[in-house]
Amino acid sequence: MATRITKSKKQPRRSRKKPKFSKVAVTLLLLTVLAFTITMIVVYVRTGGVPDTLVTAFYAFAGGEAGFLGLIKHSDNKYNSGGSGNAVG
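Reading guide: rules and limits
Residues numbered from 1 in each chain as written. Predicted model: local features only at pLDDT ≥ 70, side-chain atom pairs only at ≥ 80, totals over all residues. Heavy atoms only, no water. Helix = DSSP H or I, 4+ residues; strand = E, 2+ residues; numbered from the N terminus. Buried < 20%, exposed > 50% of the residue type's maximum accessible area, 1.4 Å probe, protein only. Areas by Shrake-Rupley, 256 points an atom, 1.4 Å probe, with all protein chains shown as cover. Axes fitted to C-alpha atoms, helices over the stretch in contact; angles between N-to-C directions. Parallel < 35°, antiparallel > 145°, perpendicular 65-115°, else oblique. Left-handed = near helix turned anticlockwise from the far one by under 90°. Contact = heavy atoms within 4.5 Å. Nonpolar A, V, L, I, M, F, W, Y, C, P; charged D, E, K, R; others polar. Phe/Tyr/Trp six-rings, centres within 6.5 Å; stacked < 30°, edge-to-face > 60°. Expected span 1.5 Å × (residues − 1).

(A) Summary view of the overall build of the protein chain. Counting its secondary structure elements, the protein chain contains two helices and zero strands. Each of the 89 residues in the protein chain was classed as buried or not, and the buried ones make up 8%. Carbon and sulfur atoms make up 62% of the accessible area of the protein chain, which amounts to about 8800 Å² in all.

Shown next, in the form of structure tokens:
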């Protein structure tokens, strides 16, 4: 007689919540700023100078990204708050 291997009941998978895009973007942005800052410190220690235009452009870009993400978050909170606030109507 052949023995049958029966599968035990599968346990339901725990559904993982996907992280929101904005949280992932902010985390990556902060890590990128940290890495850039450390790199520029190393460049300064080795050469005695840093490329000012590159630093200005990078921090302008990072600040703009953070500002737009903040604006999106503010808009979501303001217009999707479920009736609280100064709604007219």
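(B) Here's a closer look at the packing of helix α1 (residues 21–47) against helix α2 (residues 52–79). Remark: α1 packs on α2, axes separated minimally by 11 Å, with the N-to-C direction vectors making an angle of 165 degrees. Classified by the angle between their axes, α1 and α2 sit roughly antiparallel to one another. Both α1 and α2 take part in a crossing whose hand is left-handed. For the pair α1 and α2, the contacting residues are S22, A25, V26, L29, T32, V33, F36, T37 and M40 in the first and L54, V55, F58, Y59, A62, E65, A66 and L69 in the second. Of the residues belonging to the contact of α1 with α2, the class tally is 13 nonpolar, three polar and one charged.

(C) Looking closely at the packing of aromatic side chains. This model, assessed by the stated rule, comprises three aromatic pairs. Judged by centre distance (5.7 Å) and plane angle (80 degrees), the ring pair of F36 and Y59 falls under edge-to-face. Within this pair, whereas F36 is found in helix α1, its partner Y59 is found in helix α2, the two being separated by 23 residues in sequence. Classification of Y59 by relative accessible area gives partly exposed; the value is 34%. Feature note: the residues F36, F58 and Y59 constitute an aromatic cluster, connected by ring pairs.

(D) Structural view of α1. Between its first and last C-alpha, α1 extends 38 Å over 27 residues, near the 39 Å set by a 1.5 Å rise per residue. Looking only at α1, the buried set comprises A25, L29, F36 and M40. Contacts made by the buried residues of α1 are with α2. Just downstream of α1, G48 is the residue with a positive phi angle, here 85 degrees.

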